[in-house]
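Structural overview
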Amino acid sequence: MTWPRWLRWAPHVLVVLGACTLAATGAELLARILAIAHAAALVVALRRPLAAFWLSMAFVAGIVTLHPPTHDNQVWVWSVHAGVLLLVALRNALPSTVVAAVLSGLLAVVLKLAGRGIGDWGIVGFAAVLFAAAVLAGATVRGRRETRARLTEQIAATAHERALGTVLKERTRIARELHDVVAHHMSVISIQADAAPYRVENPPRELVAEFAAIRANAREGLTELRSLLGVLRSEESGAGAAPQVPQPTLDRLDDLLDTVRAAGLRVTADLAGTRRPLPPGVELSAYRIVQEALSNALRHSPGAPADVRISYTGAALGLRVLSGAPTRTPESSPGAGHGVLGMRERAAMFGGELTAGPTPDGGYEVTALLPVPPDRRPGPTAVRD
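The text that follows walks through the structure, step by step, so that each part is easy to find. This one's a predicted model, so the numbers in the text were calculated from it and none came from an experiment. (Residues numbered from 1 in each chain as written. Predicted model: local features only at pLDDT ≥ 70, side-chain atom pairs only at ≥ 80, totals over all residues. Heavy atoms only, no water.)

All right, on to the overall build of the chain then. Looking only at helices and strands, one finds ten helices and five strands in the chain. By residue count, 35% of the 385 residues in the chain fall in the buried class. Contacts in the chain between residues far apart in sequence, at least 24 positions, make up 71% of those at least 6 positions apart. Carbon and sulfur atoms make up 61% of the accessible area of the chain, which totals about 22,600 Å². (Helix = DSSP H or I, 4+ residues; strand = E, 2+ residues; numbered from the N terminus. Buried < 20%, exposed > 50% of the residue type's maximum accessible area, 1.4 Å probe, protein only. Contact = heavy atoms within 4.5 Å. Areas by Shrake-Rupley, 256 points an atom, 1.4 Å probe, with all protein chains shown as cover.)

Below, the structure is given as structure tokens:
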């Protein structure tokens, strides 16, 4: 059951207490033994409901035959059996439970027709009503439990699908942006290879042929790249392709900060280490991570300051965006709310790590570490004041 841990055994304890109460019926020794044995079927039904049902059926027939209940205890034997039926209904499908109830009613009718001391037909009718009530109550509880379980599974599946859709959307966006970066560099290679022979007087034919091959390979690769990934650009615009614009890098971080300041976010920036050019993909992902983190600060921490720290280390780029506790209640905003997934995708694309979570003072912190391959890392250049 979905109760708190300390309450999960409460139904079992109640069944055992009820069995002990029903077992106290009967003054004679044989009656007390039969009462205890029959009440024990309730405890058995906690684990083996169908076996407990047949055991209770046998006890009902045996008790009525060997020691018919007195006028004051005529309802007792049927109450125990109805309790077993309730536990059967909680653990088994409705058709099986209905069959068990029908068999119980037939047993009461057969015993009455056989002249056993089970009371008048009013007792038989009461037993039938008791059986029907037990089955109805058990089936209702079981149905609600199954509905709740299916709803929980559906909610989990929907959340998983939504998260997966967000990841795929972010990957598509990353692929589109990298397509622009790679296409730019391939175009530059093609142009440089085409112009290189004219920079040297009387270049050897072998050199001209080699540059021509480089240019041809670059153009072929660019054509294939556009054929494979160019369609990504039109997914958001529908009929036509989206306009091609340069993808942002950390050089445009000041513009980003000015934008969020204009939107009302008090943000400061700090640079650690020596700024240097990085691979375009790393620059783009770093910019997008900072952009998403600041957007989340605007939405979820209104009135709180934010701090951006960028650290250039020997083999990696470190990012940290820290926002304070909100000073007013955030407004509800549309969207799936999976921005952190997108940031993690960008970090994982380069073998990096990203962590995000609340801070002890009620704020929120996003930290990322993006490795920079040594063979692609250009030499450092001094930061200009």
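Next comes the rest of the write-up.
Here the focus is a positive patch on the surface. Together, R47, R48, R91, R144, R145 and R148 make up a positively charged patch on the protein surface. The biggest single contributor to the positive patch is helix 6 (residues 121-195), with three residues. Tracing the chain through its elements places R148 in helix 6. (Patch = residues over 30% accessible without salt bridge, like charges linked within 9 Å, V, L, I, M, F, W, Y side chains within 5 Å. Salt bridge = Lys/Arg side-chain N within 4 Å of Asp/Glu carboxyl O. Lys, Arg positive; Asp, Glu negative; His and termini not counted. Charge placed at Lys NZ, Arg CZ, Asp CG, Glu CD.)

Quick look at a nonpolar patch on the surface now. Where nonpolar side chains cluster on the molecular surface, the patch consists of W54, L94, V98, V99, V102, L103 and L106 and spans about 630 Å² of accessible area. At six residues, helix 5 (residues 94-113) tops the list of elements feeding residues into the nonpolar patch. Inspection of the secondary structure puts V98 in helix 5.

On to the pattern of salt bridges, then. Think of it this way: side chains of opposite charge can pair up when their charged atoms draw near. By the definition in use, this model includes six salt bridges. When the shortest N-O distance is used, the salt bridge between E146 and R142 registers 2.9 Å. Linking E146 with R142, this pair stays in helix 6, spanning four residues, or about one helical turn. For E146, a relative accessible area of 32% gives the class partly exposed. Ionic pairing is found between R320 and D307, a salt bridge with its closest N-O pair at 4.0 Å. With a gap of 13 residues between them, R320 in strand 3 (residues 316-323) and D307 in strand 2 (residues 306-312) connect regions that are remote in the sequence. Residue classification places D307 among the partly exposed positions, given a relative accessible area of 23%. One network of salt bridges, with partners in common, ties together D307, R320 and E365.

Our next topic: the side chain of R346. Turning to its location among the elements, R346 is positioned in helix 10 (residues 339-349). R346 gets classed as buried once you look at its relative accessible area, which sits at 2%. Those residues in contact with R346, other than ones at most four positions away along the chain, are E170, R173, I174, E177, S285, R288 and I289.

Judged by nonpolar contacts, the single largest core of 32 residues is most densely connected at F53, W78, V84 and L111. Those elements that place two or more of their residues in this core are helix 2 (29-45), helix 3 (49-66), helix 4 (76-91), helix 5 and helix 6. Residue contributions to this core peak at nine residues, all from helix 4. Counting residues in each nonpolar core, the second largest holds 31 residues, with L257, A286, I310 and A368 among its members. (Core = buried A, V, L, I, M, F, W, Y, C linked by side-chain atoms within 4.5 Å.)

With that settled, consider the environment of L164. Among the structural elements, L164 can be located in helix 6. With a relative accessible area of 38%, L164 lands in the partly exposed category. Counting along the chain gives 177 residues from L164 to L341, while the straight-line C-alpha distance between them is 9.2 Å.

Per the stated rule, a full pass over the model turns up two aromatic pairs. With a centroid separation of 5.1 Å and 65° between ring planes, the pair formed by F53 and W54 is classed as edge-to-face. With a relative accessible area of 2%, F53 lands in the buried category. Centre to centre, the rings of W78 and F131 are 6.0 Å apart; their planes meet at 65°, and the pair counts as edge-to-face. One end of the pair, W78, is in helix 4; the other, F131, is in helix 6, with 53 residues separating them in the sequence. With respect to burial, W78 and F131 carry one shared label: buried. (Phe/Tyr/Trp six-rings, centres within 6.5 Å; stacked < 30°, edge-to-face > 60°.)

Strand order in this open sheet of five strands is 1-2-3-5-4, and the pairing throughout is mixed. The sheet is open, and its two edges are formed by strand 1 (267-272) and strand 4 (353-358), each paired on a single side. Strand-to-strand, the axes of this sheet are offset by a mean angle of 10°, without reference to chain direction. Note that strand 2 and strand 3 share seven bridges and pair antiparallel. Of the residues in strand 3, the one forming a bridge with D307 is L322. The strands that helix 9 (residues 280-300) touches are strand 1, strand 2, strand 3, strand 4 and strand 5 (364-371); relative to strand 3, the one it contacts most, it runs at about 10°. Contacts from helix 10 reach strand 4 and strand 5 within the one sheet, and its direction differs from that of strand 4 by about 155°. (Pairing = 2+ DSSP bridges. Axes fitted to C-alpha atoms, helices over the stretch in contact; angles between N-to-C directions.)

Next up on the list: the packing of helix 9 against helix 10. Running from N to C, helix 9 and helix 10 point in directions that differ by 165°, and their axes come no closer than 10 Å. With respect to helix 10, the axis of helix 9 lies roughly antiparallel. As for how helix 9 packs across helix 10, the hand of that crossing is left-handed. Contact residues: helix 9 offers S285, R288, I289, E292, A293 and N296, while helix 10 offers G339, M343, R346, A347 and M349. (Parallel < 35°, antiparallel > 145°, perpendicular 65-115°, else oblique. Left-handed = near helix turned anticlockwise from the far one by under 90°.)

Looking now at helix 4. If you check helix 4, its first and last C-alpha atoms are 24 Å apart, about what 16 residues at 1.5 Å a residue would give, namely 22 Å. Turning to helix 4, its buried residues number three or more, namely W76, V77, W78, V80, H81, A82, V84, L85, L87, V88 and A89. (Expected span 1.5 Å × (residues − 1).)

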